Amino acid sequence: METIKQLSVFLENKGGRINDVAKALGEHGINMHAFSMAETTDFGILRLIVSDVEQAVGVLRAENFAVVLTDVVCISCPNVAGALSAILERLAEHQVFIEYMYAFAQGEKAHIVIRPSNLEECLKWLEEDDCDILADRQL
Amino acid sequence: MNNEIWNRNKECMSRDELRDLQGKRLHKLVDLVYHNTPFYRHKMQELDLLPADIRTIDDIVKLPFTTKADLRDNYPVGLLATPMSEIVRIHASSGTTGSPTIVGYTSRDLEIWKEIIARALTAYGVTRGDIVSVGYGYGLFTGGLGAHYGVEHLGATVLPTSTGNTEKHIRLLRDLGVTGLACTPSYALYLAEALHKQGLSADDLKLRIGAFGAEPWTENMRHEIEERLGIQAYNIYGLSEIMGPGVAYECGCKDGSHIAEDHFYPEIINPETGEVLPVGQEGELVLTTLTKTGMPLLRYRTKDLTTLMPGTCACGRTSIRFTRILGRSDDMLIVRGINVFPSQVESVILEMPEFAPRYMLVVDRKNNLDTLEVQVELRPDSFSDDMGGMLDLRRKLGERLKSVLSISAEVKLVEPNSLPRSEGKSTRVIDKRVLA
Ligand SMILES: [Zn+2]
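The structure reproduced in this document is the subject of the present report. What you are looking at is a predicted structure, and each value in this text was computed from that prediction instead of being measured.

Criteria and cut-off values
Residues numbered from 1 in each chain as written. Chains lettered and ligands numbered in written order. Predicted model: local features only at pLDDT ≥ 70, side-chain atom pairs only at ≥ 80, totals over all residues. Heavy atoms only, no water. Helix = DSSP H or I, 4+ residues; strand = E, 2+ residues; numbered from the N terminus. Rg over C-alpha atoms; globule rule 2.2 N^0.38 Å. Salt bridge = Lys/Arg side-chain N within 4 Å of Asp/Glu carboxyl O. Buried < 20%, exposed > 50% of the residue type's maximum accessible area, 1.4 Å probe, protein only. Donors = N, O, S within 2.8 Å, 3.2 Å for Na, K, Ca; no water. Tetrahedral: all angles 85-135°; square planar, octahedral: opposite > 155°, others 65-115°. Contact = heavy atoms within 4.5 Å. Buried area = accessible area lost by both parts, 1.4 Å probe. Polar contact = N/O pair within 3.5 Å; in protein donor to acceptor, adjacent residues only side chain to side chain. Nonpolar A, V, L, I, M, F, W, Y, C, P; charged D, E, K, R; others polar. 1 Å grid on protein atoms, 1.4 Å probe; cavity = no way out; pocket = protein on both sides within 12 Å on 5 of 7 lines; lining within 4 Å. Points joined across faces, edges and corners; volume = space filled by probe spheres on them.

**What about the overall build of chain A?**
At step 1: Along chain A, the regular secondary structure elements total four helices and seven strands.
At step 2: Start at the N end of chain A and walk to the C end: the helices and strands fall as β-α-β-β-α-β-α-β-β-α-β.
At step 3: Expected size for 139 residues packed as a compact globule is a radius of gyration near 14 Å; at 16 Å, chain A falls within 12% of this value.
At step 4: In terms of overall dimensions, chain A has C-alpha extents of about 40 × 30 × 25 Å along its principal axes.

**Re the pattern of salt bridges**
All names here are of chain B.
At step 1: Per the counting criterion, the structure on display carries 41 salt bridges over all chains.
At step 2: The shortest N-O distance in the salt bridge between Glu219 and Arg324 comes to 3.1 Å. Here the residue Glu219 occupies a position in helix α9 (residues 219-229), and Arg324 occupies one in the loop between β14 (321-322) and β15 (327-328), the gap between them amounting to 105 residues.
At step 3: Relative accessible area serves as the criterion here: at 34%, Glu219 is assigned to the partly exposed category.
At step 4: Note that Arg299 and Glu267 form a salt bridge whose closest N and O atoms lie 2.8 Å from each other. Within this pair, whereas Arg299 is found in the loop between β11 (283-289) and β12 (300-306), its partner Glu267 is found in strand β10 (residues 264-269), the two being separated by 32 residues in sequence. Take Arg299 and Glu267: they sit in the same class, and that class is buried.

**Some details on the coordination of the zinc ion**
Residues and elements named next belong to chain B.
At step 1: Summarising the metal site, the zinc ion is bound by the protein donors Cys251 (SG), His258 (NE2), Cys313 (SG) and Cys315 (SG), whose distances to it range over 2.1 to 2.3 Å.
At step 2: Around the zinc ion sit four donor atoms, and with donor-metal-donor angles ranging over 104 to 114° the site reads as tetrahedral.
At step 3: Here the donor residues of the zinc ion are spaced in sequence according to C-x6-H-x54-C-x1-C. Of this pair, His258 sits in strand β9 (residues 257-259) while Cys313 sits in the loop between β13 (308-309) and β14; the two residues are 55 residues apart in sequence, bridging distant segments of the chain.
At step 4: The class for His258 is buried, based on a relative accessible area of 0%.

**Things to note about the interface of chain A and chain B**
At step 1: Taken together, the contact between chain A and chain B spans 22 residues of the former and 19 residues of the latter.
At step 2: Interface area, chain A with chain B, both sides summed: about 1,600 Å², of which 58% is carbon and sulfur.
At step 3: Applying the counting rule to chain A against chain B returns nine residue pairs in polar contact (both at pLDDT 80 or more).
At step 4: When contributions to the side of chain A that touches chain B are tallied by element, the ones reaching two or more residues are β1 (4-12), β2 (32-39), β3 (43-50) and β4 (67-78) of chain A.
At step 5: Take the side of chain A that touches chain B: its biggest share by element is six residues, from β1 of chain A.
At step 6: A per-class count over the side of chain A that touches chain B returns eleven nonpolar, six polar and five charged.

**Structural notes on empty space enclosed by the protein**
Residue and element names in this part refer to chain B.
At step 1: In this structure the tally under the stated criterion is three cavities of 30 Å³ or more.
At step 2: Empty space within the largest cavity amounts to approximately 60 Å³.
At step 3: The wall of the largest cavity is formed by Ile117, Leu121, Tyr136, Ala147, Val151, Ala182, Ala211, Ile236 and Pro245.
At step 4: Mapped onto the lining of the largest cavity, the elements with two or more residues apiece are α5 (107-124) and α6 (142-154).
At step 5: When grouped by side-chain class, the residues that make up the lining of the largest cavity number nine nonpolar, no polar and no charged.
At step 6: Along its surface, the second largest cavity is lined by Lys10, Glu11, Met13, Leu18, Arg119, Ile259, Ala260, Glu261, Asp262, Thr318 and Ser319.
At step 7: By residue class, the composition of the lining of the second largest cavity is four nonpolar, two polar and five charged.

Quick look at the structure:
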């Protein structure tokens, strides 16, 4: 079973906070592969896939950010129409719901980050379908 | 429980004897101010009062009140009852609005001051064997020097750390095995947090007793301080206009603060009408300095809201107590017609471990309607990636605030360590309506 560690950061909705995170990571040579932002009127959760998650936690905590690590599934599929839909349909069939997801493309490939309602079930069905599930080291 | 009493003669006096003593002292006081403070002479003349009209303590109600505004109007030294040559020390209030207020002390006043602080420290269980770190600001503020000389007078060792260098403070607490701490309750929490950040805990210190005052604090805050610093935390009450810390103090019972009644006479009034309320009713605390000679005050309106508790305390002291001060009538906010005290918000926040004990109230007026926003710091370890959970947390705090305040407040979760830290008196309210 392969999952990857996603970094979640608590941010107030005020100008420049995402940049403060990006800058802190950049200064330590940590690359952001992908991110997404879930917002409310006063705060948001910034979710990141980074090159060195352990180091990133240390860097951000030192800057007083509240951070937490979450297990997510990262699937790699061909960057072509219909590929994602097939995967999602398959998961829905098996009652695996998606709390949130976001995607990023790398050339020929599209990577999809999924936080499923049930991590084990999700991985089980994806593996059965021979989906290309990525580990941290493959990013 | 600690049963030591510093001045048994005075602290455990029979009520009749005490009233007799208070009457005699009041008579002397009125004679002093009538002849030496033009401000009081004029006020008494307006009321057709002569010093001879004040015979017993019951006559106090005939006397005029004194307010903070009177102190400002008589700035700098108009309320002194003695020539400047007799004044040996001056303290001044911060004066957030208008001019500062100045208080002058004769050497006799300073003797009384250190005596009442020794009474307080003894009530907390401090002995000659203790080392007490005084983390109140030293200088014009009465906290630092006041506590300092009280500790020395008791015969314990004083460490005048003052505010500021928290790192050095922690180092000295450890290296010297300091056992007592006197500071504001918010600084005590700040210290606990700094300790935690250094990877240390209460077990690394020998602290056992804390004397906290100069700002209102709640029972929840006491529990938090006691737990995080591994101490017994006690309230010390005072205000610079009257003397400084030591005017009243808790005992081992932690059930109300005993007033040093042989020096300060308390009354409770209705803050709106000035009417004296019967003992047991809540209202504004009014204090008369029975023995001060530098700048004595008649019936000074403290703006602190509390209730007097009659009866002999389990500790043996007969001096009257007052209940925990919820807030100053000055701090009280009126939002949509409802009285709101910052301390009420604080007690709700302290009950929820997900939040740091720090907050900011922002009151505004939008479309002719008052709005109340409560900003609160999320504790780093309470953050989760689950948005639903975070929203639940915010809603839960909002609901609790509503049940305590009787009005709804908008909760704003803010990042850890983002609200302004204060090492002295905390400012926790922004009222934008004043500017509108
Ligand atoms: Zn008592």
